[in-house]
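Tertiary structure, described
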Amino acid sequence: HGSFTLIYGPSGSGKSFFTADLAQHIATGQSWRARKTNQSLVVYVASEAGASILRRFIGWRDNRLGESSERIPLAVLTRGPNLILKQQVEELKIQLAYMQDEAKLPLGLVVFDTLSRSMPGGDENNAEDMTEVISAADYLRDSFKSATAFVHHSGKDVDRGARGHSSLFAAADAVLRIDDHVATLDKVRDGVAGERFPFSLMPVELGVDADGDPITTCLLDDAETMASPERIVKGLGKNQKPIFDALKTLVSETGSRSPGSSAIPAGVLTASFEALCSKMQPKHPGLKPWQVKKKVGEA
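Residues numbered from 1 in each chain as written. Predicted model: local features only at pLDDT ≥ 70, side-chain atom pairs only at ≥ 80, totals over all residues. Heavy atoms only, no water.

1. Some thoughts on the nonpolar core
Which entries qualify depends on this criterion: Here, the term nonpolar core denotes a set of buried Ala, Val, Leu, Ile, Met, Phe, Trp, Tyr and Cys residues that are joined through side-chain atoms within 4.5 Å. Only protein chains enter the accessibility calculation, which uses a 1.4 Å probe. A residue is then buried if its area is under 20% of the maximum for its type, exposed if over 50%, and partly exposed in between. By definition, any uninterrupted DSSP run of H or I lasting at least four residues is a helix, any uninterrupted run of E lasting at least two residues is a strand, and each is numbered from the N terminus. Throughout, a contact is declared for two residues whenever any of their heavy atoms are within 4.5 Å.
Formed by 33 residues in total, the largest nonpolar core has its most connected members in Leu6, Val43, Leu96, Phe112, Phe150 and Leu168. Where this core is concerned, the elements lending two or more residues are β1 (4-9), β2 (41-45), β3 (74-77), α3 (86-103), β4 (107-113), α4 (127-144) and α5 (167-171). The dominant element in this core, judged by the number of residues it contributes, is α4, at seven residues. Leave out the neighbours within four places in its chain, and Leu168 touches Phe4, Leu6, Leu115, Met130, Ile134, Phe150, His152 and Arg163.

Right under this line is the structure:
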C-alpha cells in the first residue's frame, strides 16, 4: 500500500495477463508466488481492452475459484478517465469511494491499463503531461492509502525502457519489465532489483458463441503462481558467472555515467555490449568475434 508501480513491455508480451493475475490474487487474498497478500478491493481500469478484458477475469473466476457464492472484491471499469483532466480524476475518486463502501474492504490497488489510453490527447514524451498523469495516480493513492499501477508499452527496443518521458521511471516505486513471458524487477525502492518471474499462458475455454465457435482466453499457469521464490528466481549458471564478473570489472574500470532514460536512472555506471564482448574474447580464443557476441547474448 502507498506505492506506485510501472509494469511495461511490448505488445504481445503478456503484461496485461500478468497484471490481471496479480490483481486477482490480491482481491481474493491468495498468496502469489509464496508472497502473502492482504485481501482488499482491486479496481482494474481497462481503458485499452474495454469489455473484451472481462473474459480474462471470468476465466480466472470459473477455473480457479469454482462456483463460489462469495462476491469477489474486484471491479473492472471498461471505460476509464482521462488522467490529465482533474474533473475526471475527481469523478473517479467518488466512484472508487462508492465501490470501497460496497465492498466493505479498503481499496488496495487501482490498475490503469494502459497508460497511453488513460491520457488521450496527451503526449507521453511531454514532461508536463506525464507529470500531470503521475500526480493523478499519486492523488488517488494518497486519498485511499492504496497502491496504483500503470500498464504501459515499451518502445521498439524493450531494453531501452518504457515509452515516454523519463519522469515516469523516476516516480515509480517499483518497475516490472515484461518480455517474452518473463517479468523482471528492474527497480524497487528499498529493495534489490533483478528478480525474475517467468510465466506461461494456458488457454482455457469459456463456452461457445452464437455461431457455436469456442470462446477462449488465457490464464497464467497456476503451478507457477503457487511456486516458491527459490523455484522461480534464476541464479547465475556456469556460462553466466564469468560474463557477470567481466561486466563488473568493466564497469568499475571504464564505466561511463548514464545520462538517464526511462529504464536507467541518470548517473548509473554503464558499459556497452560491444565492450563486454571484447573483454570476453580472450576467454574464447577459438571463437570468432561474432560467435563470442552470440555466446554472450544467449547467456
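2. Some points on the pairing of β4
Applied cut-off: For two strands to pair, DSSP has to find at least two bridges joining them.
β4 sits mainly inside the fold: seven of its seven residues count as buried. Sheet topology note: the β2/β4 ladder contains five bridges and is parallel. Looking at β4, one finds that Val42 is bridged to Leu109. Bridging between β4 and strand β5 (residues 147-153) involves five bridges; their strand directions are parallel. Residue pairing for β5: Val111 is matched across the bridge by Ala149.

3. Considerations on empty space enclosed by the protein
Quick note on the threshold: Detection works on a 1 Å grid of protein atoms alone, calling trapped sets that fit a 1.4 Å probe cavities and calling open sets with protein on both sides within 12 Å along at least five of seven lines pockets, with lining residues defined by an atom within 4 Å of a point. Grid points are joined across faces, edges and corners, and a volume is the space filled by probe spheres set on the points.
A complete count under the given rule lists one cavity of 30 Å³ or more for this structure. The volume enclosed by the largest cavity comes to roughly 60 Å³. Around the largest cavity sit Phe17, Ala20, Asp21, Gln24, Arg56, Trp60, Cys218, Leu219 and Leu220, which together line it. At the level of secondary structure, the elements contributing two or more residues to the lining of the largest cavity comprise α1 (15-28), α2 (54-65) and β10 (214-220).

4. A few points about the packing of aromatic side chains
For clarity, the threshold we go by: Classification of ring pairs uses Phe, Tyr and Trp, with its six-membered ring standing for Trp, and accepts pairs whose centres are within 6.5 Å; under 30 degrees between planes counts as stacked, over 60 as edge-to-face, and the remaining range as tilted. Whether a charge sits over a ring depends on NZ of Lys or CZ of Arg being within 6 Å of the ring centre and within 35 degrees of the ring normal.
One pass over the full model with this rule turns up six aromatic pairs. With centroids separated by 5.3 Å and ring planes inclined at 85°, the aromatic side chains of Phe4 and Phe150 adopt a geometry described as edge-to-face. Within this pair, whereas Phe4 is found in strand β1, its partner Phe150 is found in strand β5, the two being separated by 146 residues in sequence. Phe150 matches Phe4 in its accessibility class, with the two residues each being buried. Counting every residue linked through ring pairs, the aromatic cluster contains Phe18, Trp32, Phe197 and Phe199. The ring of Phe17 has Arg56 lying over it, and the distance from NZ or CZ to the ring centre is 4.1 Å.

5. Looking at the packing of α3 against α4
Heads up, the condition is: In this description, a line fitted to the C-alpha atoms serves as the axis of each element, helices being fitted only across the stretch in contact, and the angle between N-to-C directions of two axes falls anywhere from 0 to 180 degrees. Working rule for angles: under 35 degrees goes down as roughly parallel, over 145 as roughly antiparallel, 65 to 115 as roughly perpendicular, anything else as oblique. What makes a crossing left-handed is the near helix being turned counterclockwise from the far one by less than a right angle; a clockwise turn instead makes it right-handed. Note on residue categories: nonpolar means Ala, Val, Leu, Ile, Met, Phe, Trp, Tyr, Cys or Pro, charged means Asp, Glu, Lys or Arg, and polar means any other residue, Gly included.
At a closest axis distance of 11 Å, the pairing of α3 and α4 adopts a crossing angle of 25°. Relative to α4, the element α3 lies roughly parallel. Handedness of the α3/α4 crossing: right-handed. Within the contact between the two elements, α3 uses Lys86, Val89, Glu90, Leu92, Lys93, Leu96, Ala97 and Gln100 and α4 uses Glu132, Ala136, Tyr139, Leu140, Ser143 and Phe144. Looking at the contact of α3 with α4 residue by residue, the classes come out as eight nonpolar, two polar and four charged.

6. Some thoughts on the confidence of the model for the protein
Filter applied, for reference: You can read pLDDT as the predictor saying how much it trusts each residue, on a scale of 0 to 100.
Looking at the protein as a whole, its pLDDT mean stands at 86, while 91% of the residues score no less than 70. Predicted confidence is poor over residues 229-234, with pLDDT under 50, and the contacts of this stretch with residues over four places away or in other chains come to 14 contacts.

7. Considering the layout of surface pockets
When its volume is computed, the second largest pocket comes out at roughly 920 Å³. Ser3, Thr5, Leu22, Ile26 and Ala174 are the residues nearest the centre of the second largest pocket, which is lined by 27 residues in total. When residues of the lining of the second largest pocket are traced back to their parent elements, those giving at least two are β1, α1, β4, β5, β6 (174-179) and β7 (182-188). In the lining of the second largest pocket, the residues fall into 14 nonpolar, nine polar and four charged.

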